[in-house]
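# Chain and residue survey
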Amino acid sequence: MDRTPAHLADMLRFTQELRSLANGHTLETFTSNRVLCLAVEKLFINLGEAAYRVDSESASQWPDIPWRRVIGLRNILAHGYEQVAHEILLKTITDDLPTLEHAITQALECTELRDGEQ
């Protein structure tokens, strides 16, 4: 059973949750809220884990998704906790996630179309 659509749906949900959590925060209010920062770290880890679970053949169909960067960020957060720069995470949410969310949405639409043809 191909779990790619489920993983893409998880990725989309995590990007949406990240954007929702960061919405309305300045750098100062974001970085001063430890619980918020920890929640954001966890969602980025989950996002990277879902991306990791998409097999390489499926992932290659959607080159607009920066698979290695998403997985790499997960690895940094999971294993290099002392390197976490919350200002970079906020910048990633505001600058990069809208584009990522769009690319994931397109990938999901492709999988739905493909599944509908079967």
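Before reading on, note that the structure itself is shown above.
Summarised in this report is the structure supplied together with it. Values in this document were obtained by computation on a predicted structure and should not be read as measured data.

Once that is clear, we can look at helix H5 (residues 67-79). The end-to-end C-alpha distance of H5 is 18 Å, a good match for the 18 Å that 13 residues give at a rise of 1.5 Å each. Among the residues making up H5, those that are buried are Trp67, Val70, Ile71, Arg74 and Leu77. Projection of H5 onto a plane perpendicular to its axis shows the buried side chains occupying an angular sector of 125°, all on one side. Seen from the open side of H5, the exposed residues pointing more than 90 degrees away from its buried face are Arg68, Arg69 and His79.

The residue Trp67 is located in helix H5 in this model. Put simply, Trp67 and Val54 are 13 residues apart on the chain and 9.2 Å apart in space, counted from C-alpha to C-alpha. There is a polar contact of 3.2 Å between the side chain of Trp67 and the backbone oxygen of Trp62.

Moving on to the layout of surface pockets. Of the volumes computed, that of the largest pocket is approximately 290 Å³. If you trace the largest pocket, you find 13 residues lining it, with Pro66, Arg69, Val70, Thr92 and Asp96 closest to the centre. When contributions to the lining of the largest pocket are tallied by element, the ones reaching two or more residues are helix H3 (34-52), H5 and helix H7 (97-117). Per element, the largest residue contribution to the lining of the largest pocket is four residues, and it comes from H5. Of the residues contributing to the lining of the largest pocket, the split by class is eight nonpolar, two polar and three charged.

Calculation rules
Residues numbered from 1 in each chain as written. Predicted model: local features only at pLDDT ≥ 70, side-chain atom pairs only at ≥ 80, totals over all residues. Heavy atoms only, no water. Helix = DSSP H or I, 4+ residues; strand = E, 2+ residues; numbered from the N terminus. Expected span 1.5 Å × (residues − 1). Buried < 20%, exposed > 50% of the residue type's maximum accessible area, 1.4 Å probe, protein only. Arc of directions from axis to C-beta. Polar contact = N/O pair within 3.5 Å; in protein donor to acceptor, adjacent residues only side chain to side chain. 1 Å grid on protein atoms, 1.4 Å probe; cavity = no way out; pocket = protein on both sides within 12 Å on 5 of 7 lines; lining within 4 Å. Points joined across faces, edges and corners; volume = space filled by probe spheres on them. Nonpolar A, V, L, I, M, F, W, Y, C, P; charged D, E, K, R; others polar.

So yeah, pure geometry; function would need other evidence.
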